Structures are given as C-alpha cells and as structure tokens.
Amino acid sequence: MLSIAQASKESNSAANAYGDEPWSDRTLSNYIVRAKHPFNAEVRLDKLVENFVTPTDKHFRRNHGPIPNIDGAAWSMSVEIGCRAAPAKSCTKTIRLEDLISLRQFEVVAVLECAGNRRDGLKAIKPVNGVIWGP
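Here is a short report on the structure shown in this document. (Residues numbered from 1 in each chain as written. Predicted model: local features only at pLDDT ≥ 70, side-chain atom pairs only at ≥ 80, totals over all residues. Heavy atoms only, no water.)

1. Examining the nonpolar core
Listed in full, the six residues of the largest apolar core are Leu28, Tyr31, Val33, Phe39, Ala41 and Val43. Elements with a minimum of two residues in this core: β1 (31-35) and β2 (40-43). (Core = buried A, V, L, I, M, F, W, Y, C linked by side-chain atoms within 4.5 Å. Buried < 20%, exposed > 50% of the residue type's maximum accessible area, 1.4 Å probe, protein only. Helix = DSSP H or I, 4+ residues; strand = E, 2+ residues; numbered from the N terminus.)

Shown next as structure tokens:
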C-alpha cells in the first residue's frame, strides 16, 4: 500500500509523466492502491460498506494513463457531427469546459463495476493479466 507521503514525493518529480496526478484530491486512507502509475485503487471494504450508495470520495479509481493537468479557461474539444442542412458534409462543434459546466446536471443511481473486480480470486486459480483487484 502507498502512503500519502510517498505518493506526494513521487508525484512532485518533474521527470515523472504522472507528476500531475491529483494526490491531494484523494482521500488515500480510504483506498488500497493497486498501481501508482497509472493510479489504480480500490476502496477498503470497511469504508465501502459504510454507505448503501457509494459516495464519490469512495469510488474505485481506474486509470489507463496519466491524468492531464488542463487549463480550464483554455480547454476545448471539437466534435464532428452530421449536418442536417447538408447531409453529405460534416460539421464541427467546439465545446469549451465552461459550456459543459453550464449544462443542467442530473443525478443518476447506477451500478458500475470494474471488470477486474475480484481478480485476486481468479489469480489464485490460474495466472491472469492486469491489475490485481480484490473484492
């Protein structure tokens, strides 16, 4: 398991592609860190069972690469869509972060599970690939 001090020290390395990982934003005491780079962690079972619906600060963390450090004021993405006026052409729509933030928000209760859940049990039977997750 990775301590908060170790995580902070490693994330501050300028040569580290994962230097922008938001360690200070995570309540690491709730987690069992399975991989530091990219960050992958599961919630400790004693913390997970405290709530019927898992709160955001106790959600598993599954990353496949470094978390980007973006300038929210300058960030945008382009989406290519089909145009109704000219079906043979495509249109590009640019969306800024502030556009996304201004959208109406909805709360949805859903079931979400990492595909690696209980991989530690599978590993006990035969070799498996991937991050070894517990229950």
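And the narrative resumes.
2. Structural notes on the sheet that holds strand β3 (residues 61-62)
The three strands are arranged β1-β2-β3 in an open sheet whose pairing can be described as antiparallel. Strands with a single pairing partner mark the edges of an open sheet, and in this sheet they are β1 and β3. Note: β1 against β2, four bridges, orientation antiparallel. Paired with Tyr31 across the bridge in β2 is Val43. (Pairing = 2+ DSSP bridges.)

3. Considering the packing of aromatic side chains
A complete count under the given rule lists one aromatic pair for this structure. Seen in terms of ring centroids, Phe60 and Trp133 are 6.4 Å apart; in terms of plane orientation they differ by 80°. Their pairing is edge-to-face. Residue Phe60 is located in the loop between α2 (45-48) and β3, and its partner Trp133 is located in the segment after α4 (119-125); the two are separated by 73 residues in the primary sequence. (Phe/Tyr/Trp six-rings, centres within 6.5 Å; stacked < 30°, edge-to-face > 60°.)

4. So, the pairing of β2
The side-chain alternation of β2 yields two buried faces, one formed by Asn40 and Glu42 and the other by Ala41 and Val43. Connecting β1 to the next strand, β2, in antiparallel fashion are four residues. In the sheet, β2 pairs with β3 via two bridges, with the strands oriented antiparallel. Paired with Ala41 across the two strands is Arg61, which belongs to β3.

5. Some points on the side chain of Asn30
Looking at the secondary structure, you find Asn30 in the loop between α1 (4-11) and β1. The contact partners of Asn30, leaving out residues within four places of it in the chain, are Glu42, Val43, Arg44, Lys47, Asp57 and Lys58. (Contact = heavy atoms within 4.5 Å.)

6. Observations concerning unusual backbone geometry
A cis amide bond links His37 with the next residue in sequence, Pro38, at an omega value of -5°. Note on placement: Pro38 falls in the loop between β1 and β2. Even without being a glycine, Arg118 presents a positive backbone phi close to 65°. Mapped onto the elements of the fold, Arg118 is located in the loop between α3 (97-102) and α4.

7. Description of the side chain of Lys58
Mapped onto the elements of the fold, Lys58 is located in the loop between α2 and β3. Sequence-distant contacts of Lys58, that is, excluding residues within four places in its chain, are made with Asn30, Tyr31, Val43, Lys47, Leu48, Glu50 and Asn51.

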